[in-house]
Each structure stands twice: as structure tokens, then as C-alpha cells.
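# Summary of the model geometry
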Amino acid sequence: MTRMDPFTDVLDGPMYVVTAAAGGVRAGCLVGFASQCSIHPPRFVVWLSTANHTYRVACEASYVTVHALLREQRALAELFGGETGDRVDKFARAAWRQGEAGSPVLTEVRTWFTGRVEGRIEGGDHVGFLLAPASQCKPSRGTPPALLRYSDVRDLEPGHPA
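### Quick notes on the packing of aromatic side chains
Counted under the stated rule, the structure contains five aromatic pairs. Consider the rings of Y16 and F44, whose centres lie 5.9 Å apart with planes at 80°: the pair is edge-to-face. Taken together, the residues Y16 in strand β1 (residues 16-22) and F44 in strand β4 (residues 43-49) connect sequence positions 28 residues apart. Take F44: its relative accessible area is 13%, and that puts it in the buried class. Aromatic pair F80 and F91: ring centres 5.6 Å apart, planes at 70°, arrangement edge-to-face. Remark: F91 occurs in the loop between α3 (74-82) and β6 (96-98) and F80 occurs in helix α3; sequence separation between them is eleven residues. Take F91: its relative accessible area is 5%, and that puts it in the buried class. Three or more aromatic residues link up through ring pairs in this structure, and these residues are Y16, F44 and F113.

Here it is, written out as C-alpha cells:
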């Protein structure tokens, strides 16, 4: 099998927290695999690890919320990327409100959208959730702030089923 390290080692994409709720259970995790994938109609895809607590909840959810973290929000990245929702209620440690169809919206994150799950795409150890925007944050003004990047969090312990 050919590894992609020479290509992926130079990437430094933004980090997101993805949240979902279904059956009275809330979940959220740190995600680095996500992208806009269509302009007309607007669509976004977020990839969740199949080993992940959030993946299991998102499979039952109609909507998920994608939050773009700012560089100074490393503590949120550590909470949602370093703890597993199987053992820890992450939402007890983060300010949030209920959004579309119960999907949690982290109130300290300025840039977010909630998307209706339109489909799922198998992708190895991750599944892509194709999202159609349903609600979003207010537009920001001025120069966009610096986003948290993979290089800012790569030292988080890997392998946690967030």
C-alpha cells in the first residue's frame, strides 16, 4: 500500500469541532478532515472516524453542527479531541445551546453552521457526512481571525474515540 505522507505532511488544514445529538445523547469531536464540496447547491462534507463515539451518534442524527475553531480555542480542541464521549460529558465543560433538531451549538465558537445530513460516503476508517446548510452563525465583519490548524494540535494524543 502506498502511503500519502509526502503529500499530507505539508498540509495544515483548519480544525473543527463537530457536534450531533440523537436519542437523547449528545456527542462532539475534533475533526481535521472536512471541506466544502459544492457551490451550487452549497454542500460541505465532514469525515468522522468509525471508531468514534460521535460517529455512532451522528449516524442516528438528522443534523450535525460544524464549528471552525480559532487559534486561541486550543482548550476546546483538547476537550473535544482528547476526551472520549464514551466516558466524559464534554458538554458539561463547554458552553452550548440546542440548535437545529437538537444538534449542540458551542456558544463560544463564532463561526459555525448546522447541516442536514443528506448522505454518507464510505472512506476507509472514516465516513463522510454530506451536509446541506440549514442554519448558521451571523456573518463576521472585518478581517477573518486566524483559525486553529492541524499544526496547533498535532500533539494531542491520537487514538481517542472522541
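### Considerations on a nonpolar patch on the surface
On the surface, a cluster of nonpolar side chains totalling about 440 Å² of accessible area is made up of M4, F7, V10 and L11. Considering the arrangement of structural elements, one finds L11 in the loop between α1 (5-8) and β1.

### Description of the sheet that holds strand β5 (residues 63-68)
Here seven strands make up an open sheet; going across it, the order is β2-β1-β5-β8-β9-β4-β3 and the pairing antiparallel. A single partner strand is all that each edge strand has here, and the edge strands are β2 (25-31) and β3 (34-38). Direction aside, neighbouring strands of the sheet carry axes that sit 35° apart on average. In the sheet, β4 pairs with strand β9 (residues 126-136) via six bridges, with the strands oriented antiparallel. The residue of β9 that forms the bridge with V45 is L130. Contacts between α3 and the sheet are confined to β1 and β2, with β2 contributing the most and set at about 115° to the helix.

### Quick notes on the layout of surface pockets
Of the voids in this model, the second largest pocket is the one considered here, and its volume is about 320 Å³. Forming the boundary of the second largest pocket are 17 residues, of which A68, T111, W112, F113 and C137 lie nearest the centre. Among the elements of the structure, β5 and β8 (111-123) are those that each provide at least two residues to the lining of the second largest pocket. Its residues assigned to classes, the lining of the second largest pocket comprises eleven nonpolar, four polar and two charged.

### Some points on the pattern of salt bridges
Inspection of the entire model under this criterion finds six salt bridges. One salt bridge connects R26 with D89, and the closest N-O pair in it is separated by 3.7 Å. Residue R26 is found in strand β2, and its partner D89 is found in the loop between α3 and β6; the two are separated by 63 residues along the sequence. With a relative accessible area of 41%, D89 lands in the partly exposed category. The salt bridge partner of D152 is R71, with a shortest N-O separation of 3.1 Å. Within this pair, whereas D152 is found in helix α4 (residues 150-153), its partner R71 is found in the loop between β5 and α3, the two being separated by 81 residues in sequence. On the accessibility criterion, D152 (21% relative accessible area) is partly exposed.

What counts, and at which threshold
Residues numbered from 1 in each chain as written. Predicted model: local features only at pLDDT ≥ 70, side-chain atom pairs only at ≥ 80, totals over all residues. Heavy atoms only, no water. Phe/Tyr/Trp six-rings, centres within 6.5 Å; stacked < 30°, edge-to-face > 60°. Helix = DSSP H or I, 4+ residues; strand = E, 2+ residues; numbered from the N terminus. Buried < 20%, exposed > 50% of the residue type's maximum accessible area, 1.4 Å probe, protein only. Patch = residues over 30% accessible without salt bridge, like charges linked within 9 Å, V, L, I, M, F, W, Y side chains within 5 Å. Areas by Shrake-Rupley, 256 points an atom, 1.4 Å probe, with all protein chains shown as cover. Salt bridge = Lys/Arg side-chain N within 4 Å of Asp/Glu carboxyl O. Pairing = 2+ DSSP bridges. Axes fitted to C-alpha atoms, helices over the stretch in contact; angles between N-to-C directions. Contact = heavy atoms within 4.5 Å. 1 Å grid on protein atoms, 1.4 Å probe; cavity = no way out; pocket = protein on both sides within 12 Å on 5 of 7 lines; lining within 4 Å. Points joined across faces, edges and corners; volume = space filled by probe spheres on them. Nonpolar A, V, L, I, M, F, W, Y, C, P; charged D, E, K, R; others polar.

This is a description of form; function is not addressed.
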